[in-house]
Amino acid sequence: KAILDDATFRREVLGELITYTTGRFLYAFNADEHPRDLSPNYNYPAYVAFDFNVTPMTCVISQHYGGAIYVLKEFSQDNTDIWRFCADIKPYLARYPAVYVTGDASGRNRSGLARENTNYYSVIIEELRINERNIHTPVINPTHVNSRVLCNSLFAKHPALYVDYRCEGLIADIEMVQVNEKGEIVKSDPKLTHLLDCLRYYLHTYHADWLDKYVNRNKGRK
């Protein structure tokens, strides 16, 4: 109960017949609580989570320290490429002592959109001038169902998780993106979901211990 959002706890632990597969993906977001006026802390690293599309290409930049999670900045560009996108975000990252990167696992694949058929993360390493050890991408992307449990549990139960109120595109995604009857994110609107995907990737890469506690607690259940 301490780590899961209430709907998941009642359904998965107490066994109540609660149907919440459809509706908002991130229903635990509280518009009166989670948006804040945040400032970067240049004593700590920045964490950049990417989602790769031609229109839009997106990333979300966050920090976590002192037991708190701060979602600080969003970037979104239409009709772009990874070089122009990195050039856009690089000045924002200049003052941080270190930069770590996660994001869409498919960015590891060779892409015809990138020069010399390289992959997105190779370009990011070169353009942002970071070490390959600072790339923390998953082998495969988290499932939408697992993402929904983790993200809602964090927003419902984490003692200090905040989103800068100026992240208007991300907040719009949070408030508007829906899931279908299978618990999968509805991708029918090409302008939605991309910044939310960035947030999902960041939370899974660096804060998945909340989901691990949930999985471990339920081992052996049918």
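Sequence order sets the numbering: in each chain, residues are counted from 1 along the sequence as written. Selection of residues for local features in this predicted model requires a pLDDT of at least 70, selection of side-chain atom pairs for listing and counting requires 80 or more, and totals for whole chains, interfaces and linings are taken over all residues. Calculated side-chain values reflect all of the structure's heavy atoms, with hydrogen atoms and water omitted.

Structural notes on the packing of helix H5 (residues 168–176) against helix H6 (residues 194–207)
Across the interface, H5 lies against H6 with an axial gap of 8 Å and an inter-helix angle of 90 degrees. As judged from the angle between their axes, H5 and H6 are roughly perpendicular. Residues Gly169, Leu170, Asp173 and Ile174 of H5 touch H6, and the partners they reach there are His194, Leu195, Leu196 and Leu199. Here the contact of H5 with H6 is composed, by residue class, of 5 nonpolar, 2 polar and 1 charged. To obtain each axis, a line is fitted to C-alpha atoms, and for helices this fit is confined to the stretch in contact; angles are then taken between N-to-C directions over 0 to 180 degrees. Here a helix means four or more residues in a row that DSSP labels H or I, a strand means two or more in a row labelled E, and each is numbered from the N terminus. To sort the angles, those under 35 degrees are grouped as roughly parallel, those over 145 as roughly antiparallel, those from 65 to 115 as roughly perpendicular, and the leftovers as oblique. Any two residues whose heavy atoms approach within 4.5 Å at even a single point are treated as in contact. As a working rule, the residues Ala, Val, Leu, Ile, Met, Phe, Trp, Tyr, Cys and Pro are called nonpolar, Asp, Glu, Lys and Arg charged, and the rest polar, with Gly in that last group.

So, the confidence of the model for the protein chain
Looking at the protein chain as a whole, its pLDDT mean stands at 86, while 81% of the residues score no less than 70. Looking at any residue, its pLDDT shows the predictor's confidence there, from 0 to 100. Contacts for the low-pLDDT stretch residues 218–222, under 50 throughout, to residues beyond four places or in other chains number 3 contacts.

Quick look at helix H3 (residues 120–128)
Those residues of H3 not exposed but buried are Tyr120, Tyr121, Val123, Ile124, Ile125 and Leu128. Contacts made by the buried residues of H3 are with strand E3 (46–51), strand E4 (57–65), helix H2 (82–93) and strand E6 (99–103). A side-chain oxygen of the first residue of H3 lies 3.0 Å from the backbone nitrogen of tyrosine 121; this N-cap is asparagine 119. Remark: arginine 129 follows H3 within two positions and exhibits a positive phi of approximately 55 degrees. Relative accessibility decides the category of a residue: with a 1.4 Å probe and only protein chains considered, values under 20% of the type maximum give buried, values over 50% give exposed, and everything between is partly exposed. Each polar contact in these results corresponds to two N or O atoms within 3.5 Å; when the atoms are within protein, one needs to be able to donate a hydrogen and the other to accept it, and residues that are neighboring in sequence are counted only if both atoms are side-chain atoms.

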